[in-house]
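Coordinate inspection notes
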Amino acid sequence: MGRKSKRFSELLRQRKGWIGLILLVTSSPLAWGGISLCAFLAAITGKKKFLAMGGIIYAISWVQFFLGVYLAGSEGVTKAKNLRKKIFKRKQNE
């Protein structure tokens, strides 16, 4: 019984870490994409409700970010930083 519960807790910890990592990586695109889309819609339609929606989406992205930090822990935050650097790496010689 003890071995099975230990394996389950390890699996749960890893799952929490991966969910946290996904939340961390996707929070910034959600924020900037949501703000951009809502600003575009506000400019086209002239309705200020889209600006409010953009602010709400931005606030949700911060909640998502902090939840990701909590779930991923310091190890997950380091992985997220490395992943971000790998994705947005610029060539030095260009």
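Basis of the calculations
- Residues numbered from 1 in each chain as written.
- Predicted model: local features only at pLDDT ≥ 70, side-chain atom pairs only at ≥ 80, totals over all residues.
- Heavy atoms only, no water.
- Salt bridge = Lys/Arg side-chain N within 4 Å of Asp/Glu carboxyl O.
- Helix = DSSP H or I, 4+ residues; strand = E, 2+ residues; numbered from the N terminus.
- Buried < 20%, exposed > 50% of the residue type's maximum accessible area, 1.4 Å probe, protein only.
- Contact = heavy atoms within 4.5 Å.

**Remarks on the pattern of salt bridges**
According to the stated counting rule, one finds one salt bridge in the structure shown. With a shortest N-O distance of 3.9 Å, Glu-75 and Lys-79 are connected by a salt bridge. Of this pair, Glu-75 and Lys-79 both sit in helix α2 (residues 49-87), separated by four residues, roughly a single helical turn. The exposure class of Glu-75 is exposed, given its relative accessible area of 51%.

**Describing the environment of Ala-80**
Tracing the chain through its elements places Ala-80 in helix α2. The class for Ala-80 is buried, based on a relative accessible area of 12%. A sequence separation of 11 residues divides Ala-80 from Val-69, and the C-alpha atoms of the two residues are 9.7 Å apart. If near-sequence neighbours (up to four positions away) are discounted, Ala-80 is found in contact with Leu-21, Leu-24 and Val-25.

Everything listed here is a matter of coordinates, which is why it stays silent on function.
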